[in-house]
Amino acid sequence: QQQQQQQQRRHCHGCRLRRSLVLLSPLLVLVLFLLSTHAMGQPLAQPPAPSAPPPPPPEPLLPAREGYDLLAGLRECDTRAQRAALEFFYIRFGGQFWVRRERWPELPMVPDNFSDESARNQFAEAQVMGRIMEPLSSGMCVRRMTALEDRDEVVIEWNGNASATDADAPPFSGSFWEVVPDYCCWFGIECCALNVTCSTPRTGCGTCIVGSIKAVTLPFNNVTGNFGSLDSGLDSPAQLSLFSAWACTLSELFLQSNKLYGTLPSSLASMKSLQSMSLFSNSLTGVVPHQLSGLSRLQELDISKNWLSGNFPTICHQEEPSTLEYLDVSSNRFEGEINFVFCENLGFVSLQGNRFTGISHNTSFEDANGYGGMRQLRTLNVAHNGLSNFKIDELPQGSFRFLKALDLGHTQIDADFGRVFRTLSYLTKFSLQGNLLPGTLPSDFFASFGQLRQLDLSGNLFQGPIPSTDIRTDLEYLDLSTNLLTGTIPDTLVSNLLSNSTSGLYLASNLLSCCGRGYLTYVDGSFGTDTEGGASDYGALVQPAQAHPRGNKALYEAFDWSAPRLPPSLKLSSQFRYAVTITTEDTEAHMMCPYLLPAKAVDNVEGLLLDWTLDPSYYLYDKCECQSGYRMKNLSTAQRVLFECEPAPASPEPDDWKWVVTALACLVAVMLLVGVLLVRHGWRPAGVQYLINRRKRRRKAPGPGDAAAIVVTDIEGFSGVWTAWSPAYDPGRLLHPHFLASINPTYDP
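Residues numbered from 1 in each chain as written. Predicted model: local features only at pLDDT ≥ 70, side-chain atom pairs only at ≥ 80, totals over all residues. Heavy atoms only, no water.

1. Quick notes on the pattern of salt bridges
- Enumeration according to the criterion identifies 10 salt bridges in this entry.
- Among the salt bridges present, the one from Glu106 reaches Arg101, with a minimum N-O distance of 2.9 Å.
- The exposure class assigned to Glu106 is exposed, which follows from its relative accessible area of 57%.
- Arg577 is paired through a salt bridge with Asp611; the nearest N and O atoms lie 3.3 Å apart. Of this pair, Arg577 sits in strand β30 (residues 570-578) while Asp611 is found in the loop between β31 (591-598) and β32 (625-626), placing the two residues 34 residues apart along the sequence.
- In this structure Asp611 comes out as partly exposed when scored by relative accessible area, which is 48%. (Salt bridge = Lys/Arg side-chain N within 4 Å of Asp/Glu carboxyl O. Buried < 20%, exposed > 50% of the residue type's maximum accessible area, 1.4 Å probe, protein only. Helix = DSSP H or I, 4+ residues; strand = E, 2+ residues; numbered from the N terminus.)

2. Comments concerning empty space enclosed by the protein
- Considering all chains together, one arrives at four cavities of 30 Å³ or more under this definition.
- One number sums up the size of the second largest cavity: a volume of about 100 Å³.
- Around the second largest cavity, the lining residues are Arg577, Tyr578, Ala579, Val580, Cys593, Pro594, Tyr595, Leu596, Trp612, Thr613, Leu614 and Tyr619.
- Counting residues per element, the ones that place at least two in the lining of the second largest cavity are β30 and β31.
- Top element by residues in the lining of the second largest cavity is β31. It accounts for four residues.
- Its residues assigned to classes, the lining of the second largest cavity comprises 10 nonpolar, one polar and one charged. (1 Å grid on protein atoms, 1.4 Å probe; cavity = no way out; pocket = protein on both sides within 12 Å on 5 of 7 lines; lining within 4 Å. Points joined across faces, edges and corners; volume = space filled by probe spheres on them. Nonpolar A, V, L, I, M, F, W, Y, C, P; charged D, E, K, R; others polar.)

3. Focus on the pairing of strand β24 (residues 484-487)
- Taken together, the two bridges between strand β22 (residues 461-464) and β24 define a ladder with parallel strand orientation. Residue Gly464 lies in a different strand from β24, and its bridge partner there is Leu485. (Pairing = 2+ DSSP bridges.)

4. Re the sheet that holds β30
- Reading across the sheet, the three strands line up as β30-β31-β32 and stay open at both edges, with antiparallel pairing between neighbours. Two strands lie at the open edges of the sheet, namely β30 and β32, each paired on one side alone.
- Across two bridges, the pairing between β31 and β32 is antiparallel. Directly across from Met591, in β32, lies its bridge partner Cys626.

In structure tokens, the structure reads:
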């Protein structure tokens, strides 16, 4: 028995060791993997090899001499030279990476180690010269003319069924057609479809020959490269010929919203037929070359949203009247005065977002009716400049007379409303936003509008009440926000604006109040009643506006809480929006206030809510609520009504974690109890023991060769009972050997 117990103990120790090895084997494998990876990543301890010098850039590919000879013998606007110029542009400005390049040929790109612009141009030149001998057309780009009832329709289009040799089977029935150069069907390229001869170049027209390039239109196309590099290769006769071939008939160049950088090439001045050029939203730098003033047929120029700087050159001259009608140089870094003398055809000018200090224009030239030199100008935007030398209200009667839209926002300009409106009697849209203009709005403010429909006076220091008389019924837009206006909103203003379905009224960030009586002014650090207002109940601010912090809100002697909250033409909706924050204190943050709604409109109807802005303090925060997690706090005094949303106090957190811990503890206790009951034989419930015994009974009896466990039991005191009751136990004892013999035939009783 002792030997068996020792064997069992050794067996158990072996089992435990095997189990431990099985459990630790993944960890050991991971450690070995990390060690091997670290060892492989360590370089061998040896001296570093000397770095080899970078390979020299490859020499540009030199084509056959025939290509140069052919180019030299072509006329200026030859279509073969124009195709070569387009291929040069494709190679030079990353054509393989353009967003769209349908039907453009597959051409090699300039290697990255060509850092010099001249070398890059030479590489592109060499590639183009090697292809100039190839056929000009494959017969798939055709010019089709169809005779309609009132006119002839002429289009150039791509057709894969067309053939230059199969003239008996035209691809278009009932139409005249002919093959044109393939580049006319490349994406972004437009060719002339009709022959046009311009007898008077100063009228803005240009000569156009069928099959020659008319327009290059590749906006938003990832055209990438140094735009100024077009000048670096003009010392090469071949590149000069290519540029001349491109420039001789091109009338429209649209490369906006690409990745062009560098300067504007002065060679653009050789595009004598150019009428429209758009390069906005690129990364062009430097100054604008003065040679651009030589583009006598240019009608539209847009170079906005770049990094151009310096003085803008004079683009109009007396000896050659300009045809320029549209000019947009906004969002650059130009400075000084811009000269518009002799630019009598300009109709749209945008100088926004620069550093111009003035505008030079022709005030001496007036016709018989007294109209000035810029009588065609309709839109002028000079916002966000420092126009210290430009006095709009001191212009001669004829200058800018027919101007309809004028934006002088953030220009540090001082203007007299009455004189401006009298001088510019055709003005329909006017902005003086952000100029910190002081003063009050005169009583005849609206009467002097003339034809004005939209007015923006936000971001100034206007004081006093809003005029309530002579308000025009055709007024569409009025922005008086961020001023120091006091009093109530005239209902005549509201009703007239509501007569236009697209009207807008913006009065936020003022000191207006529906119910304040007797406005208090701010003088020498204290507030007092304004007695200079005369019959006015509200008075006017008499102190410098800078001394009146807008954060103090509207201060009045008293508030009439029975007064109507809004003009009769308005009401509050049941739908909410974020309250307009009007102070640096951010007191209206997290506050939701109702939309404004016409008084006769049905609430909760989409499209009827007004997108007008008004401080919630005007209508005493009526129906305003705070967002979830915030509560309304009343900061009002006898002279001021002010509410703000503050964080609501944190509610005691529920003891959910305690219940979770308790439930887990109970679950663990129940699982332990069940485990103990299942393991301990004597503690098992009768039902469980019955199921275990039943399962054991289903097993078959052991047969020959099977292992069997023999359980030898003894009963304490049985030997004494056996001796005392020997006669009773002897029959059973005599049967025991026979029983064993019946089980084991080898047993000898």
